[in-house]
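Residues per chain are reported as follows:
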Amino acid sequence: MTCQRVKIVRGLQALVTLIQQPISSLCPQVIGLLQLFLQNDELWDAALEAWGGFTRVIDEQALNQQFIQVAVTLLEIEPKCNDIQRTTMIGIFEYLVFEHIDHIDSIYLKLIQVPDTAEWNHLRMALQSKVEGISPLDQLKHLVDQLRHENASVILYSLKKIDRILLNNELAFQMNLLDDTSDPIFKHLIQNLFTICTKYHHLNNEITSICCKCIGTLGAPDPSRVNVQFHSNETYGADLDLSTFGGILRFACLMIQNHFVPIFQATQDSNTQNVLAYSIQEVLGCVGFTSNIVENAQSLQNSKPKDKSDNSALLARYWLQLSKLTTNVIQPLVGAKYQVSAIENKPLNYPIYPKSKGFRVWLQSFVLDLIPKIGNPNVRNIFTACKHIISYGDMNLTQIYLPHIFVNVIISDNSIHYDDILKEFIAILSDSNAEEQHQLCLQTIFNLVDHLYQFIRHYRVKISKIKIRNTASSGQSLLTQFQFELGRVERLVNDIPQSLMAEASIRCQAYARALLHFEQHIRSEMRYKSNEEMQLMYGQLQKIYAHLEDSDAIEGLIIKLNNPTLEQQIIQHEVGGRWTAAQSCYEVLLQQSPEETAYQFGMLNCLQNMGHYGIKELLNVLESLITYASGIMERHPSKIADTIPFTIAASWRLGEWKQLKEYLGRDSKYSFESALGKLLLSIYEKNDLQFDQILLETREKLNSSIAAASMESYKRSYDTVLQLSMLSEIEQFYSKIVKKPMCSKADISKVMELWQARLNSTVSSFKVREPILNLRRILLSIKTEFTTEVEGELIHSLTEQKGKLWIQSAKESRKSEYFQTSFSSILQALEMSKNLAKVEHAKYLWARNEHYQAMLELKALLKCDFRNIKTIASTSSDIHLVELNELQISKAKLKLAAWLESTNGLHSSNIIAAYIQINRETPNWEKGNFYLGRFYNRFYEKEKQPSTDSSSNQVSSYNIPNLSYLIVKQYGKSLLYGTKYLYQSLPRMLTVWLDLGMVEEEKTVEKLTQTNAVMRKFVSRLPAYQFLTAMPQLISRICHPNPEVQEILESIIVSVLCVYPQQTLWHLMAVAKSTVKSRVRRIASIFSKVKSDPTFRQLDPQLVSKIQYAEAFVDQLLNLCNFPSGKDVSMLSMSRDFRKLQKMAALGNGMIVPLQSSLTVTLPTGSYSASSHKPFANDLPRIIGFKDEIEIVTSLQRPKKITMIGSNGHNYIFLCKPEDDLRKDSRLMEFNSIVNRLLKKDSEGRKRKLHIRTYAVVPLNEKCGLIQWVLGTSGFRNILIKYYKSRGIYTSHQVIKEALAKTSPSKVEIFTNVILPKYKFFILNETRHPPIFQNWFLESFPEPTKWLASRSAYTSTTATMSMVGYVVGLGDRHGENILFDELTGECLHVDLNCLFEKGLEFEIPERVPFRLTHNMVDAFGISGIEGSFRKSCEVSLRVLRANRELLMSVLETFLHDPLCEWSKSKNHKNEETEVQNPKAIKSLAVIDRKLQGCIVTARLPLSVEGQVDELICQATNPENLCQMYIGWAPYL
């Protein structure tokens, strides 16, 4: 038999040799046979010779395409080859590498790793030369591309290499992930790993296991950090049109090229190849490809059709669009005669789910049964051609095609099929089975529902277009057809109960989906039910919010709960971390129902989370429960099994290994905690085989969760990713530390450094981070038990690190306000890191508002009394603080000094002395210098205010000039050592210095001279990008009257210009083209210095030409802005009207595109390195041209819409706006950018992702400028009017105006009762303007995770901008000035010229602080303004008020460079030096009062909460809204 098989192999080799190069078109089939031969080692000699012959005859393109697969396949068997076989294999590689190295993509060569043996040495060196100089990150990028290969061997090979690279560069990759501009490769890697986990689930355990290992090695990066998106391929989205021949043809070609051909090439199975060949043959035949069309495609592509049925030209064009690889594979199959066994279609009785054995069987049965039911015969034929692939078990393709098969059955006019599908849905959704197979079925149903919503949205757009464009009878016929199909799909969506979808989602742990569906259920019910009848539903909604850990939403919902039950109070306590309160509630419930299982397990959960990690009474409680459960009647047999996972978790946490082994021996349900217990016990017992086996099994178990979750979102799978990350840490700690015979302190330090980086990249949440910290402590404890007394230093290091982990737990729980857990963690840490624990305990007391006790704690630890300055210095070398290093001691002292300052607990002179002493001890510490500078600044502010209190504790020796010098000195020093406080220190430092230069008194001269000397030193030492962040502030003071200050100011601008000319020139051009002559002269002076000084030209030889180019370029842009156009002109031409501008851009060496990302400085993260940091990317796009079409926007100023062509090939749209002072918009954008940084720095702001959506605004002078056009946005007014019109309830502007003009009833009553709906019981046909904005989120973001993320983004951006808008007096917020991002849901404000309470000066004054109409409120969710919106407003305003001085410094540019509307006098253009404008002073004073909590209706400042509440009341008050001008549309 073997001889016969060898003859077959030799025969194939002879055939290949005979055919020679034409065999290339049959590469997939030949490789499939050769791979089949390698499965029998007796054929290897002949098979390897055949491989060699094959690689020598195929053409260069085929060789390049097949190289990776050939190399991986051969190297897979290399370790088992004998010497002769190995020699043959080496010969193949020698031919490939040495003779065809120029024809093989270098990327492929870089991926291959030959064996590390002498025989392969020459090849290994040749391949390594290709890898030299390639960073691990670049290697990773090449390997990620290979993960999309269809061949399993190639994927497995690539995964193994990725695994090695990740392990060898783990710390570097973690630091990259932490960077604000992390490499996108990690996002792509995670996407591909998830896809592979799903594709090879239950097919190839080795692949899925390594995939899960790689996911774990990457850690658990925050979903918001990596932004992983699944189903990003829109090729087969809901907009795929299969109603026309062209749509079907496009789908067929995409199907063949994207799926069939890659699988056909990669598969090793000849049967699969036959099935694919048959399917390709049938699909080609279905759409009409023939040999004649294929062979004559070039001549046919432009031919005219003979009749309506002649599609030859269209087919020819599509054939020519296919890749050469695709046509080479499929051309032999055009008109081929492949045959396969027919698939018998047995009629199925619905629902089929209960009778199916597993997900795979159910999916195949369901899809195969649906295909014959498709109504459109052309669509049915296409999918019938795919039946054999589906039958053969390709789940990936089955899931891709199912939505389109499904929709085409639904839109067919067959009520029986419709009813069958509905039965199937209900059966799956109603099943409470929690097994993996059911979860996959459920997820498939969820995906189909999402597709239906996408279909509905797409069809509504299509129908709208037909209504607008086509009134012919054919158009009406098409409209009727689309309306019928849309109605069928909408009916199915409506027939699936939203409450059932929500319940199924909760079982699947898809909580975002559960929230989406349950909210819709509540909205439909609340139309007809009273608040009392809705209480139960609100309670269920509260549970969903608890799963989502949305404490803000839960607080908002509590308002809707009239009398919260104990269960509802428990949810609020648990989410808030108040475990003792939750325990008390459970105790009451257990007294009422002692045998209620839910209450018993709730009590266990409380005990487990209360931080009693070291109290063995927990085990006693659990033992008692097991004993108690044993006596329960037989109808509760599962109770013991449910309880044991708690005892297992408690046992390994306490290190009770004997008890752990006993509990693991009992029958119990699977839990991850139990799996961890088994792994840790294996480590403790040093059982390597058991450890490896359990690790493999646990990863396989988790892969099932990954496979289900990856159908939806990375965020939903985050818990599983976190568990894989924990497994990775266990595995690495066991191999690198526990098993290492001579483990050192340095080894422990390396692990701790890596662990910290991994922790920092996770979601900043106690719930996420505490399990990780807990596991790490257990691992260190196990290592400690294995360490002998001889290794005393190692034991001490392990104990110290364990103590630090307890402190970290205390810190995380304190930040989350889980104070009970924090205190318990501190108690544990006191035994291991006493002094660090005491510092943390002081912070804990402070967080509990026990300020006096907190300060006493630190004083006792530091043994210093700030009243006695000598004691401050003495503690640094005190033996009792030996555990703390110098920096930690300084941090503790600084914390104490800051506390004393904030509580006024000490005389100012003592606090200053403390700050000074701390600064002397750690002079190179950014924070110490900043805090001292900040304290001086507070003195400065007090000195500027007139004081009548003679008993004030201010230090009289600190006058304004002296304080100015000290502020500049300390803030400047802080900038030398870091950038963490740059935006707080630099603007203030510049303001104080420049203001000091304005004073002409004789006593200030000496201090000004000293201050100028310090500034010169900082200008020479600080990196230029720091000053670039303050360029608008510097430019606003360009006309400073003091010559010495002016000289330094110019030197700063010149130094920045030399280093970052592209960014700086955009800033300077607005002044260079100013209408104020003095400002123009100052900029001309700067340019003149640069041109005349050879030093500057040495830094950048092209600098002078760049300046000249920029001046000429901006002149042309100004011409474009001011170009006159008649009202009847809607378009201009760049080539006709602005030839000079077009020619300048075409030179290719022009200015960068003024994008916000290109103009914004990126600060260094992590360890500070001023010299090496690059604040901008190297490849910023430059302007190399313009699109010819210039659109004139129909508004008052008639701005021009231009399109810049970037050097990267992308197009960038800008609005050229005339007759508008864009300095307002620009400075507000700068202000908003500062606010964003402050919010990101604030823990509460960061947790809620509070931010303002910004864009680039580039003034060209006081009257013209550029505004970056934000793509993919919709106006608030346009969204609402579209929805009102589509539902037939739109009321015209004029009708509203007439209604409000009536004298009786009152305007408020008309507005409330006639114009607005009675929300609780509204019926669409009975109201004019029901709240409908929330529908936009449902339709724009049908995938639940994106829906929830978009609504959260909407709420946070609306809240933040509402507070900022109120502070700066932003008005004119009508529906066209508020946009919403169609991809993220973020709120975006445009047209920002109505600032500084200008709205109060309108003919009809604005009476609301910001827009908060009923549509906006309803879109926040069921609880409206309560919960997330209110809390986001409070956090935003608190951050604004806390940084009042910084924000006022940013706004002070208006004082020195006032707006045109503030400078109406004729002389202002001729003023030689800066003059403070009275209107600017008045406007900024109003803002300053707002930031102090003052509002018009209250005499005394309000708290943040009080101020927010007052503003919300004003914004939603019908009395205010009904008096707004009609164009503002308060009814929308």
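The paragraphs below set out a description of the structure included in this document. (Residues numbered from 1 in each chain as written. Predicted model: local features only at pLDDT ≥ 70, side-chain atom pairs only at ≥ 80, totals over all residues. Heavy atoms only, no water.)

Summing up its helical and strand segments, the protein has 76 helices and ten strands in all. Every one of the 1532 residues in the protein was classed for burial, and the buried ones make up 56%. Expressed as a percentage of contacts within the protein between residues at least 6 apart in sequence, the contacts between residues at least 24 apart total 72%. Approximately 65400 Å² of the protein is accessible, and the part contributed by carbon and sulfur atoms is 51%. (Helix = DSSP H or I, 4+ residues; strand = E, 2+ residues; numbered from the N terminus. Buried < 20%, exposed > 50% of the residue type's maximum accessible area, 1.4 Å probe, protein only. Contact = heavy atoms within 4.5 Å. Areas by Shrake-Rupley, 256 points an atom, 1.4 Å probe, with all protein chains shown as cover.)

So, about the packing of helix H20 (residues 359–370) against helix H23 (residues 395–410). Where H20 contacts H23, the axes come no closer than 10 Å and their chain directions differ by 40°. As far as their axial angle goes, H23 and H20 are oblique. The element H20 and its partner H23 pack so that their crossing is left-handed. Across from Phe359, Arg360, Leu363, Gln364, Phe366, Val367 and Leu370 in H20, the residues of H23 making contact are Met395, Thr398, Gln399, Leu402, Ile405, Phe406 and Val409. Across the contact of H20 with H23, the residue classes tally to ten nonpolar, three polar and one charged. (Axes fitted to C-alpha atoms, helices over the stretch in contact; angles between N-to-C directions. Parallel < 35°, antiparallel > 145°, perpendicular 65-115°, else oblique. Left-handed = near helix turned anticlockwise from the far one by under 90°. Nonpolar A, V, L, I, M, F, W, Y, C, P; charged D, E, K, R; others polar.)

Here we take up the sheet that holds strand E10 (residues 1387–1389). Spatially, the three strands line up as an open sheet ordered E8-E9-E10, and their pairing is antiparallel. Sheet topology places strand E8 (1273–1275) and E10 at the edges, where each strand pairs with a single neighbour. Averaged over all adjacent pairs, the angle separating strand axes in this sheet is 35°, with direction ignored. Across three bridges, E8 lies against strand E9 (residues 1378–1381) in antiparallel orientation. Across the sheet, Thr1273 pairs through a bridge with Asp1381, a residue of E9. Packed onto the sheet, helix H65 (residues 1276–1286) meets E8 and E9 and runs at close to 70° relative to E8. (Pairing = 2+ DSSP bridges.)

Taken together, Leu15, Leu18 and Ile19 make up a surface patch of nonpolar side chains, about 290 Å² in accessible area. Within the element layout of this structure, Ile19 appears in helix H1 (residues 2–19). Assessed through its relative accessible area of 31%, Ile19 is described here as partly exposed. (Patch = residues over 30% accessible without salt bridge, like charges linked within 9 Å, V, L, I, M, F, W, Y side chains within 5 Å. Salt bridge = Lys/Arg side-chain N within 4 Å of Asp/Glu carboxyl O.)

A rise of 1.5 Å per residue sets the reference length of helix H55 (residues 1043–1059), with its 17 residues, at 24 Å; its end C-alpha atoms lie 25 Å apart and thus fit the reference within 8%. Where H55 starts, the residue carrying a side-chain oxygen 3.0 Å from the main-chain nitrogen of Glu1044 turns out to be Asn1042. (Expected span 1.5 Å × (residues − 1). Polar contact = N/O pair within 3.5 Å; in protein donor to acceptor, adjacent residues only side chain to side chain.)

When you line up the elements, Leu773 lands in helix H41 (residues 766–786). Between the alpha carbons of Leu773 and Lys804 there is a distance of 9.9 Å; along the sequence they are 31 residues apart. With residues near it in sequence (within four places) discarded, Leu773 still touches Leu759, Leu805, Gln808, Ser809 and Glu812.

Okay, unusual backbone geometry next. Put simply, Tyr350 and Pro351 share a cis peptide bond, and its omega is 0°. Here Pro351 lies in the loop between helix H19 (324–330) and H20. Despite not being glycine, Glu1219 has its phi angle at roughly 50°, a positive value. For Glu1219, the location among the structural elements is in the loop between strand E5 (1211–1217) and helix H63 (1223–1241). Positioned with a positive phi, Asp1372 is a non-glycine residue whose angle comes to about 60°.

Contact pair helix H49 (residues 926–944) / helix H51 (residues 982–996): the axes reach a minimum separation of 12 Å and the direction vectors enclose 45°. Classified by the angle between their axes, H49 and H51 sit oblique to one another. H51 is crossed by H49, and the crossing has left-handed handedness. Residue-level contacts link Phe930, Asn937, Tyr940 and Glu941 of H49 to Gln984, Ser985, Arg988, Val992 and Asp995 of H51. A breakdown of the residues in the contact of H49 with H51 according to their chemical character gives three nonpolar, three polar and three charged.

Here we come to helix H61 (residues 1139–1146). All of the buried residues in H61 are Leu1141, Met1144 and Ala1145. Looking down the long axis of H61, one finds its buried residues gathered within 95° of arc, a one-sided arrangement. Residues of H61 that are exposed and point over 90 degrees away from its buried face: Arg1139, Lys1140, Lys1143 and Ala1146. For H61, the elements touching its buried residues are helix H59 (1103–1122), helix H60 (1134–1137) and strand E2 (1183–1186). (Arc of directions from axis to C-beta.)

With that settled, consider a positive patch on the surface. Where like charges cluster on the molecular surface, the positive patch consists of Lys811, Lys815, Lys891, Lys980, Lys1241 and Arg1246. Locating Lys815 in the fold gives a position in helix H42 (residues 792–815). (Lys, Arg positive; Asp, Glu negative; His and termini not counted. Charge placed at Lys NZ, Arg CZ, Asp CG, Glu CD.)

Moving on to the pairing of E9. The side chains of a regular strand alternate between the sheet's two faces. What you see with E9 is no split at all: Ile1378 and Phe1380 on one side and Leu1379 and Asp1381 on the other are buried throughout. Count of turn residues in the E9/E10 antiparallel hairpin: five residues, of which Gly1385 carries a positive phi of about 85°.

Time to look at the packing of aromatic side chains. Under the definition given, this model contains 44 aromatic pairs. When the ring of Phe251 is compared with that of Phe383, the centres are 5.5 Å apart and the planes differ by 50°; the resulting orientation is tilted. Highlighted residues: Phe251 in helix H14 (residues 245–266) and Phe383 in helix H21 (residues 377–384), separated in sequence by 132 residues. Ring centres of Phe1337 and Phe1341 lie 6.3 Å apart, and the angle between their planes is 25°; this geometry places the pair in the stacked category. Each residue in the set Phe1276, Phe1333, Trp1336, Phe1337, Phe1341, Tyr1354, Phe1380, Phe1420 and Phe1429 is aromatic and connected to the rest through ring pairs, giving one cluster. Of note, Lys739 hangs over the ring of Tyr734, and the distance from its end group to the ring centre comes to 5.2 Å. Its end group placed over the ring of Tyr1283, Lys1282 keeps NZ or CZ at 5.4 Å from the ring centre. (Phe/Tyr/Trp six-rings, centres within 6.5 Å; stacked < 30°, edge-to-face > 60°. Lys NZ or Arg CZ within 6 Å of the ring centre and 35° of its normal.)

By the alternation rule, side chains of strand E3 (residues 1189–1192) split into Ile1190 and Ile1192, which are all buried, and Glu1189 and Glu1191, of which none is buried. Bridge count for E3 against strand E4 (residues 1200–1206) is two bridges, and the pairing is antiparallel. When the bridges of E4 are listed, Glu1191 appears paired with Lys1201.

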